Amino acid sequence: MFRKWIALLLWAVPLACTAQNIDLLILNKNYNEALFQIRKNLEVRPDAELYLKLANVYRQLLMPLFAANSLENSIAMDSTNSKYLAEYADLQTDLGNPYKAVAYYQRAVVYSPEDFNLQYKLGRAFMSIENYQKAYGVFMMIRYKDSTNVVYNKQLGLAALRIGKTDQAIDLFESVLASNPNDFNTYQNLILLYMKNVDAVQIVRTSDRGLYFLPENPAILLRGATSLYNLGEYEEAKPFYERYLAQNDSALDVLKNYGITLYFCKESEKAISLLEKYFYQVPNDPNVDFYLGLAYRDIANLSRSAEFLEMAVACAQPTYLAEMCHHLGKVYGLNREFELSIKALQKAFNFNTKKVEILCEIAKTYEEYNPNKKLALNYYNQYLKEAGDSAVNAKYAQERIRIIGEATLHKKK
């Protein structure tokens, strides 16, 4: 028995020395010599660890397919070793095969259930194949055992965001920033979530907080501006756009949104200047044409306003046609072009019959320019029939019907 132990020791010592020598060669980046030594030893005796080292060398030499073959040999010799399974999964991720990576990470986790980093990799793999529900389940399991790790919490937050658990994602991202206030991507995600929650106050707070730690970061400025713009919070969006444009080139979409923001902030001349720059490069954008029309109306350039509103109507999607025709009708009315005004208002109502107040506007317009008040009377009656006695202009319409009726009787007498 003693002789057997001696023989085993004599065999193990040179093997250990060889392994140390190979590790030293790899550490010193002497990859060609490391390859030679590993292959020479594998010819004498196949060994799973040596195949792993061979795979690592191949990966350093950017030969991933050779590395995959080596790792397959390791797994063939020891199929329950989570280290080999995880290394193979990592390599499959690098090779762009996330589905195969998921399968091997799952196998690895079975044999090392307490390895949180391994579970984290499995969760990331599920995220990469857009199986967000599975990823969420994995990250929640990790959180039950380690609720303080910033990296794990961030990934759980991303998974929660993807499956619509907005409040949980917000709580997680806030906790991440409490520990790591320089995390740029978390600010971006948090602003997006607050936009989904229609919370302009928190968008401003989060943007300002991010800009404190990452001064004048263009992406945070733009995300804050765009989110507030999308919520219709134009006064709050305006300073973020201004700070962004002060230091960065103005992309067309930024010009467009900032120009519309200026219109709502009652800075019509500035809005026209920006929106016309966009218009000359993208002349068929109905939103830009529409807001240019409104801005020109606000500075009393009614002919120019009508031109842009007509263009907006010509290229608008059906969803927006009612609103655009409505404003075009108002502009024609202000410009004393009553027939055109009525046609535009009639189109607006036809596009959206729920906008019953337009009927009252048509009636008013007929009453103003047409001596025959019968048409006005018909529209007032239609308005009351469609809108009911509790409508905004119901009392006005009833009064006009009474006055027109009395005037008609007086003429007959």
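Quick caveat: nothing in here was measured; it's all calculated off a predicted structure.

Undergrad: Whenever I open this one, the overall build of the chain confuses me. Can you help?
TA: The secondary structure content of the chain amounts to 23 helices and zero strands. Here the chain has a C-alpha radius of gyration of 36 Å; the compact-globule value for 413 residues is 22 Å, and the former is much larger. Counting only C-alpha atoms and orienting by the principal axes, one finds that the chain spans roughly 140 × 40 × 35 Å. Residues classed as buried in the chain amount to 45% of the 413 residues present. A separation of at least 24 residues holds for 44% of the contacts in the chain among residues at least 6 apart in sequence. Carbon and sulfur atoms make up 53% of the accessible area of the chain, which totals about 22,400 Å². Each charge class in the chain was averaged separately, 47 positive and 46 negative side chains, and the resulting centres sit 4 Å apart.

Undergrad: Please clarify how the packing of helix H9 (residues 150-162) against helix H11 (residues 184-196) should be interpreted in this entry.
TA: The description of two packed helices rests on the angle between their axes and on the distance between the axes. Their axes nearest at 12 Å, the elements H9 and H11 cross at an angle of 30 degrees. Classified by the angle between their axes, H9 and H11 sit roughly parallel to one another. For the pair H9 and H11, the sense of crossing is left-handed. In contact with Lys154, Leu158 and Leu161 of H9, H11 contributes Asn185, Thr186, Asn189, Leu193 and Lys196. A breakdown of the residues in the contact of H9 with H11 according to their chemical character gives three nonpolar, three polar and two charged.

Undergrad: Quick question: what am I supposed to make of the pattern of salt bridges here?
TA: Opposite charge on two side chains allows them to pair when their charged atoms are near. Under the definition given, this model contains 18 salt bridges. Residues Glu174 and Arg209 are paired through a salt bridge, measuring 3.0 Å at the closest nitrogen-oxygen approach. You can see Glu174 sitting in helix H10 (residues 166-179) and its partner Arg209 sitting in helix H12 (residues 200-213), a full 35 residues away along the chain. For Glu174, a relative accessible area of 18% gives the class buried.

Undergrad: Explain helix H3 (residues 48-60) to me, please; I cannot follow it from the model alone.
TA: Since the α-helix advances by 3.6 residues per turn, residues separated by three or four positions end up pointing in the same direction. End to end, H3 covers 19 Å across 13 residues, agreeing with the expected 18 Å (1.5 Å per residue, within 8%). The N-cap of H3, judged by a side-chain oxygen 3.1 Å from the amide nitrogen of Glu49 a few residues on, is Asp47. Just downstream of H3 lies Leu62, where phi reads positive at about 60 degrees.

Undergrad: When you look at unusual backbone geometry in this model, what are you seeing that I'm missing?
TA: Glycine aside, residues mostly have negative phi, and peptide bonds are mostly found in the trans state. The residue Leu62 is not glycine, and still its phi comes out positive at about 60 degrees. Position of Leu62 relative to the elements: it lies in the loop between H3 and helix H4 (64-77). For Glu216, which is not a glycine, the phi torsion comes out positive at approximately 55 degrees. The residue Glu216 is located in the loop between H12 and helix H13 (218-230) in this model. Taking relative accessible area as the criterion, Glu216 reaches 27% and is therefore assigned partly exposed.

Undergrad: I keep staring at H13 and nothing clicks. Help me out?
TA: Its 13 residues place the ends of H13 18 Å apart at the C-alpha level, agreeing with the 18 Å of an ideal helix rising 1.5 Å per residue. Residues of H13 that are buried: Ile220, Leu221, Gly224, Ala225, Ser227, Leu228 and Tyr229. Those residues of H13 that are buried are in contact with H11, H12, helix H14 (234-247) and helix H15 (252-264). Phi for Gly232, located one or two positions after H13, is positive at around 75 degrees.

Undergrad: What is the right way to look at the side chain of Ser70 in this model?
TA: Position of Ser70 relative to the elements: it lies in helix H4. Assessed through its relative accessible area of 2%, Ser70 is described here as buried. Apart from residues lying up to four places away in sequence, Ser70 is in contact with Tyr51, Leu54, Ala55 and Tyr58.

Undergrad: What am I meant to see in the side chain of Lys238 here?
TA: Assignment of secondary structure puts Lys238 in helix H14. Within the local environment of Lys238, its side chain forms a polar contact with the side chain of Glu267, the two groups lying 3.3 Å apart. Not counting residues up to four positions away in its chain, the partners in contact with Lys238 are Tyr258, Thr261, Leu262, Cys265 and Glu267.

Undergrad: Could you clarify how one ought to interpret the nonpolar core in this entry?
TA: Here is a general trend for soluble globular proteins: nonpolar side chains tend to be buried in one another's company. Ranked by size, the top nonpolar core spans 130 residues in total, and within it Phe139, Leu292 and Tyr380 carry the most contacts. Considering each element in turn, this core owes the most residues, eight residues, to H3. Not counting the four nearest positions on each side in its chain, Phe139 is found in contact with Tyr120, Gly123, Arg124, Met127, Gln155, Leu156 and Ala159.

Undergrad: Sorry, what's going on with the environment of Lys29 here?
TA: Inspection of the secondary structure assignment puts Lys29 in the loop between helix H1 (2-27) and helix H2 (31-44). Using a relative accessible area of 62% as the deciding quantity, one classes Lys29 as exposed. Along the backbone, Lys29 and Pro181 are 152 residues apart, and their C-alpha atoms lie at a distance of 37 Å.

Undergrad: Help me out: how do you make sense of the packing of helix H16 (residues 268-281) against helix H17 (residues 286-298) in this one?
TA: Contact pair H16 / H17: the axes reach a minimum separation of 9 Å and the direction vectors enclose 150 degrees. The orientation of H16 relative to H17 falls into the category roughly antiparallel. For the pair H16 and H17, the crossing hand works out as left-handed. For the pair H16 and H17, the contacting residues are Ser268, Ile272, Leu275, Glu276, Tyr278 and Phe279 in the first and Val288, Asp289, Tyr291, Leu292, Ala295, Tyr296 and Asp298 in the second. In terms of residue class, the contact of H16 with H17 is made up of nine nonpolar, one polar and three charged.

Cut-off values and rules
- Residues numbered from 1 in each chain as written.
- Predicted model: local features only at pLDDT ≥ 70, side-chain atom pairs only at ≥ 80, totals over all residues.
- Heavy atoms only, no water.
- Helix = DSSP H or I, 4+ residues; strand = E, 2+ residues; numbered from the N terminus.
- Rg over C-alpha atoms; globule rule 2.2 N^0.38 Å.
- Buried < 20%, exposed > 50% of the residue type's maximum accessible area, 1.4 Å probe, protein only.
- Contact = heavy atoms within 4.5 Å.
- Areas by Shrake-Rupley, 256 points an atom, 1.4 Å probe, with all protein chains shown as cover.
- Lys, Arg positive; Asp, Glu negative; His and termini not counted.
- Charge placed at Lys NZ, Arg CZ, Asp CG, Glu CD.
- Axes fitted to C-alpha atoms, helices over the stretch in contact; angles between N-to-C directions.
- Parallel < 35°, antiparallel > 145°, perpendicular 65-115°, else oblique.
- Left-handed = near helix turned anticlockwise from the far one by under 90°.
- Nonpolar A, V, L, I, M, F, W, Y, C, P; charged D, E, K, R; others polar.
- Salt bridge = Lys/Arg side-chain N within 4 Å of Asp/Glu carboxyl O.
- Expected span 1.5 Å × (residues − 1).
- Polar contact = N/O pair within 3.5 Å; in protein donor to acceptor, adjacent residues only side chain to side chain.
- Core = buried A, V, L, I, M, F, W, Y, C linked by side-chain atoms within 4.5 Å.

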